[in-house]
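# Analysis of the macromolecular model
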Amino acid sequence: MINQPILNLIHHLETQFDDISIARKEELSGLAKAIFKSLNSYNCAKITVICTHNSRRSQLGQLWLNVAALYYNVSHISTFSGGTEATAFHLNMINAIKRAGFNILTIEEGNNPKYHINISSEINYDVYYSKKFSENYNPQKQFIAVMVCSEADQGCPFVPGASNRISLPYQDPKNFDGTTSQNEAYDNKVLEIGREMLYTLNLVKSMQK
């Protein structure tokens with residue numbers, strides 16, 4: 001069962017689906033169709049969310065896809081993330097995720113720490129850390145590549161092994177680092193990506209009926 005603070009947040013974000021623009025809903029529908037097709041073709045959907053440094057938006061995309069699949073009971077979905085280079089899961093985003101109500105456990109320290117992010121009372125075995133999208137931890141074939149930053153989108157016109165490549169860019173909250181708007185920018189990004197990934201998986205669930 002999903003932890004209550006996260007469940008409360010999900011219910012809040014569901015009330016905001018109408019705030020998503022028509023154009024953006026069309027883009028999210030493209031991702032939903034790719035997921036539905038993969039589930040029908042392969043009996044599973046492997047989704048790798050990609051941005052340049054795998055430090056903020058792609059980590060958040062992976063997390064919320066995981067949450068949304070669990071909440072809407074869309075089975076056989078596996079979520080991953082990666083970058084065109086590896087850095088670290090940025091502390092500003094870690095803190096924003098914590099403020100949203102997620103429980104984060106550091107399982108390995110260092111320059112590129114590894115984390116578990118618990119979303120339910122069951123053990124969450126997903127490991128969150130910065131890595132290249134081509135790293136062996138991620139799927140190497142028959143996966144959906146979701147490009148969430150314009151730099152990675154432009155730098156990777158072709159993603160080897162991907163069955164689908166979806167462009168879904170988000171503005172980088174990094175632009176507000178060190179400013180008085182920093183926390184607000186990161187908190188808003190948590191809500192924005194959460195709202196859109198929930199909307200997407202809700203579409204997938206509707207397609208399955």
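These lines cover the structure that appears in this document, whether it is placed above or below.

Thresholds, definitions, all that
- Residues numbered from 1 in each chain as written.
- Predicted model: local features only at pLDDT ≥ 70, side-chain atom pairs only at ≥ 80, totals over all residues.
- Heavy atoms only, no water.
- Helix = DSSP H or I, 4+ residues; strand = E, 2+ residues; numbered from the N terminus.
- Rg over C-alpha atoms; globule rule 2.2 N^0.38 Å.
- Buried < 20%, exposed > 50% of the residue type's maximum accessible area, 1.4 Å probe, protein only.
- Contact = heavy atoms within 4.5 Å.
- Areas by Shrake-Rupley, 256 points an atom, 1.4 Å probe, with all protein chains shown as cover.
- Arc of directions from axis to C-beta.
- Salt bridge = Lys/Arg side-chain N within 4 Å of Asp/Glu carboxyl O.
- Phe/Tyr/Trp six-rings, centres within 6.5 Å; stacked < 30°, edge-to-face > 60°.
- Lys NZ or Arg CZ within 6 Å of the ring centre and 35° of its normal.
- Pairing = 2+ DSSP bridges.
- Axes fitted to C-alpha atoms, helices over the stretch in contact; angles between N-to-C directions.

### Notes on the overall build of the chain
Secondary structure assignment for the chain yields 6 helices and 6 strands. Start at the N end of the chain and walk to the C end: the helices and strands fall as α-α-β-α-β-α-β-β-β-α-β-α. Its C-alpha radius of gyration of 16 Å places the chain within 12% of the 17 Å reference for a compact globule of 209 residues. Principal-axis analysis of the C-alpha atoms places the extent of the chain at approximately 45 × 35 × 35 Å. By residue count, 50% of the 209 residues in the chain fall in the buried class. Across the chain, contacts joining residues at least 24 apart in sequence account for 68% of those joining residues at least 6 apart. For the chain, the computed accessible surface area is about 9,800 Å², with 48% contributed by carbon and sulfur atoms.

### What about helix H1 (residues 4–14)?
Taken residue by residue, H1 has Ile6, Leu7, Leu9, Ile10 and Leu13 as its buried positions. All buried residues of H1 fall inside an arc of 160° around its axis, so they share one side. In this structure, the buried residues of H1 make contact with helix H3 (57–71) and helix H6 (182–207).

### Points about the environment of lysine 98
Tracing the sequence through the fold places lysine 98 in helix H4 (residues 91–99). Taking the relative accessible area as the measure of exposure, lysine 98 reaches 43% and is therefore partly exposed. On a C-alpha basis, the gap between lysine 98 and proline 169 in space is 23 Å, while along the polypeptide they are 71 residues apart.

### A short note on the pattern of salt bridges
For the structure on display, the rule yields 6 salt bridges. With its nearest N and O atoms 2.8 Å apart, the salt bridge here joins aspartate 187 to arginine 99. Of this pair, aspartate 187 sits in helix H6 while arginine 99 sits in helix H4; the two residues are 88 residues apart in sequence, bridging distant segments of the chain. The residue glutamate 192 makes a salt bridge to lysine 189 at a minimum N-O spacing of 2.8 Å.

### Here we look at the packing of aromatic side chains
Under the counting rule described, the total for this entry stands at 6 aromatic pairs. Aromatic pair tyrosine 129 and tyrosine 137: ring centres 5.8 Å apart, planes at 70°, arrangement edge-to-face. On the basis of relative accessibility, which here comes to 7%, the residue tyrosine 129 falls in the buried class. Tyrosine 137 gets classed as partly exposed once you look at its relative accessible area, which sits at 33%. Above the face of the tyrosine 170 ring, arginine 24 is positioned so that its terminal group lies 4.6 Å from the ring centre. In this structure, lysine 131 packs its charged tip against the face of tyrosine 129, placed 4.6 Å from the ring centre.

### Structural notes on the pairing of strand E5 (residues 143–147)
Burial analysis of E5 places 5 of its 5 residues in the buried class, which makes it a mostly covered element. Both faces of E5 are covered, namely the face carrying Phe143, Ala145 and Met147 and the face carrying Ile144 and Val146. By the bridge criterion, 4 bridges tie strand E1 (residues 45–51) to E5 in an arrangement that is parallel. Among the inter-strand pairings, isoleucine 47 is bridged to a residue of E5, identified as isoleucine 144.

### Topic: the sheet that holds strand E2 (residues 77–83)
Pairing is parallel across the open sheet formed by 4 strands, whose spatial order is E2-E1-E5-E6. In the strand order of this sheet, the two ends are held by E2 and strand E6 (162–167), each with one partner. Sheet twist, expressed as the mean angle between neighbouring strand axes with direction ignored, is 20°. One ladder, built from 7 bridges, connects E1 with E2; its direction is parallel. If you follow threonine 48 over to E2, its bridge partner there is phenylalanine 80.

No statement about biological role is implied by the geometric values presented.
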